[in-house]
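Inside the fold
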Amino acid sequence: MSDLMSPTQAAEAAQQHHAEISARRDAHVFDTYGRTPLTFVRGKGTALFDGAGRAYLDFLSGLAVTSLGHAHPAVTAAVAAQAETLVHTSNLFITEPAVELAERLARITGWDDAKVFFAQCGATANEAAIKLARRHGLAQSKEKFRVVTLEGSFHGRTFATLEATGQPAKHEPFAPLMGYVDTVPADDPAAMTAAVGPQTCAVLIELVQGEGGVRPTDPEVVSAARAACDAHGALLIVDEVQTGIGRTGPWFAFQHEDFTMRGLVPDVITVAKALGNGFPIGAMIARGAAADAFGPGDHATTFGGNPVTAAAASAVIDTIEDDNVLALAASRARRLVAGIDALVGDAPFVTGVRGRGLLLGVVLDAPVAKAVEVACRDHFLIVNAVAPDVVRLAPPLNVTREEVDLALAGLRQALVAVAEGTAE
Ligand code: PLP
């Protein structure tokens, strides 16, 4: 809150600032995103500041991206140093930051034979994985190009990843699609087994469906996918775009015990979002035979492995290790889950919490998630409705105890306001 203005004056100033920026946006920026009535000008740690200097608690982290908080000093310093040294060469030349990041990614996956392809975001990392699987499949048979995905999944908005996204409403405006995807229910191991056949080159799955409503995937489905891929020479691709870099606990969701104890290791993972803590970078990481499936000329992108974004990502990984952030996040997740559990029966609508680590969904008994999201903003808390009855929380992994408690208090007030019909 600004010291120099009364709350009413600050609200008016923020509104005025937002109105001015939105009018300019309406003139020249495509209308593809929703119209949230807020404009932020600055971020620090878990806080975002509006045009009047009012602080909002960011419990969404820019859609699970700013996992070390906004403007983390180590990331900022790495970017500044690299920007002064070398910004871009294209992939005609190798640069050290990209190699150093690939080495770090190999270490945190635990895959000695890992090979990394650098992309710009989640969708382009998944595009790379789909192309890799095709290359791997077509080398076995010219019919082997189909991909199996799960209903409710989200893999991106490019043409191939849109089709892989198991949400028909997102397909309809762009039909016809390419017809290379077979979609199966997310909770049916037998359907997974049945869907994978000689024409399948890959199964592409999330281990927690983030955009699909914060739904952990049943290990039995993953197990069925792994067995079917092995039986048919297909690749198991795990989309870790939202779950990766510690969001659900370990570095990657596939490293949770319920998968590792069953020996479930993917052939390929994709990562983006939190990898650059806000700097746009994605990566496809492959092991085993998949790591040899691309050759020169098979795939490329001008900015992939750009030295500045690679330096940002290496700083993210180093900071998480140096500051023991994964352990810290586990403790904050316990506090947040306990706090949400305590809202059951105490605050309106809340029936429970699901998800893993700090990727959590507050489950409601009515389709009021959007209203709760709006009411949270009235209480200076950023969250989002990821389903009609689920509010997603994805705070920074280094969120403080006090911030967790503040967010829980804000959420409670928002729930009460919605129940009383007083939310603006
Ligand atoms: N995959 C998953 C699991 C995601 O959650 C997302 C984005 O939300 C994507 C892919 C697409 O990533 P991007 O928006 O960076 O292209």
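Here's what I pulled together on the structure shown here. (Residues numbered from 1 in each chain as written. Predicted model: local features only at pLDDT ≥ 70, side-chain atom pairs only at ≥ 80, totals over all residues. Heavy atoms only, no water.)

Observations concerning the overall build of the chain
The helix and strand inventory of the chain stands at 14 helices and 17 strands. For 424 residues, the compact-globule estimate of 2.2 N^0.38 gives 22 Å, and the chain sits close to it at 22 Å. The buried share of the chain, reckoned over its 424 residues, is 51%. For the chain, the share of sequence-separated contacts (at least 6 apart) that also reach a separation of at least 24 residues comes to 71%. Just so you have it, the chain exposes about 18,300 Å², and 57% of that area is on carbon and sulfur atoms. Considering the chain, the positive charge centre built from 33 side chains and the negative charge centre built from 48 side chains are found 2 Å apart. (Helix = DSSP H or I, 4+ residues; strand = E, 2+ residues; numbered from the N terminus. Rg over C-alpha atoms; globule rule 2.2 N^0.38 Å. Buried < 20%, exposed > 50% of the residue type's maximum accessible area, 1.4 Å probe, protein only. Contact = heavy atoms within 4.5 Å. Areas by Shrake-Rupley, 256 points an atom, 1.4 Å probe, with all protein chains shown as cover. Lys, Arg positive; Asp, Glu negative; His and termini not counted. Charge placed at Lys NZ, Arg CZ, Asp CG, Glu CD.)

Brief notes about the nonpolar core
Met192, Ile245 and Leu364 are the most contacted members of the largest nonpolar core, which totals 85 residues. Residue contributions to this core peak at eight residues, all from helix 11 (residues 307-322). When sequence neighbours within four positions are dropped, the list of residues in contact with Ile245 reads Ile108, Trp251, Phe252, Val271, Ala274, Leu275, Val316, Ile320 and Leu397. Ranked by size, the runner-up nonpolar core spans 22 residues in total, among them Ala164, Val181, Leu235 and Ala286. (Core = buried A, V, L, I, M, F, W, Y, C linked by side-chain atoms within 4.5 Å.)

Quick look at the sheet that holds strand 1 (residues 40-44)
Spatially, the four strands line up as an open sheet ordered 1-2-3-15, and their pairing is mixed. The sheet terminates laterally at strand 1 and strand 15 (381-382), the two strands that pair on one side only. Both strand 2 (residues 47-50) and strand 3 (residues 55-58) contribute to a ladder of three bridges, which runs antiparallel. Directly across from Leu48, in strand 3, lies its bridge partner Tyr56. (Pairing = 2+ DSSP bridges.)

So, the environment of Arg356
Its location among the elements puts Arg356 in strand 13 (residues 350-356). It is 8.1 Å that separates the C-alpha atoms of Arg356 and Arg247, two residues lying 109 residues apart in sequence. Beyond its immediate chain neighbours, meaning those up to four positions away, Arg356 contacts Val208, Arg247, Thr248, His256, Asp258 and Phe259. A polar contact of 3.2 Å, which involves the side chain of Arg356, links it to the side chain of Asp258. (Polar contact = N/O pair within 3.5 Å; in protein donor to acceptor, adjacent residues only side chain to side chain.)

Some thoughts on the packing of aromatic side chains
In the structure shown here, the tally under the stated rule is four aromatic pairs. Arranged with centres 5.3 Å apart and planes meeting at 75 degrees, the rings of Phe40 and Tyr56 form a pair that is edge-to-face. In this pair, Phe40 sits in strand 1 while Tyr56 sits in strand 3, placing the two residues 16 residues apart along the sequence. The class for Phe40 is partly exposed, based on a relative accessible area of 29%. Judged by its relative accessible area of 5%, Tyr56 is buried. On the basis of an interplanar angle of 55 degrees and a centroid distance of 4.9 Å, the ring pair of Tyr56 and Phe380 is categorised as tilted. In this pair, Tyr56 sits in strand 3 while Phe380 sits in the loop between helix 13 (369-378) and strand 15, placing the two residues 324 residues apart along the sequence. In this structure Phe380 comes out as partly exposed when scored by relative accessible area, which is 26%. Chaining the aromatic ring pairs together yields one cluster made of Phe40, Tyr56 and Phe380. Looking at Arg287, its charged tip hangs above the ring of Trp111, at a distance of 5.7 Å from the centre. (Phe/Tyr/Trp six-rings, centres within 6.5 Å; stacked < 30°, edge-to-face > 60°. Lys NZ or Arg CZ within 6 Å of the ring centre and 35° of its normal.)

A closer look at the pattern of salt bridges
For the structure shown, the criterion picks out 20 salt bridges. A salt bridge links Arg377 to Glu373; its shortest N-O distance comes to 3.0 Å. Of the two residues, Arg377 and Glu373 are both situated in helix 13; the distance of four residues between them amounts to about one turn of the helix. Taken as a pair, Arg377 and Glu373 share a single burial class, namely buried. In the salt-bridge network here, residues are joined through shared partners; they are Arg25, Asp26, Asp31 and Arg35. (Salt bridge = Lys/Arg side-chain N within 4 Å of Asp/Glu carboxyl O.)

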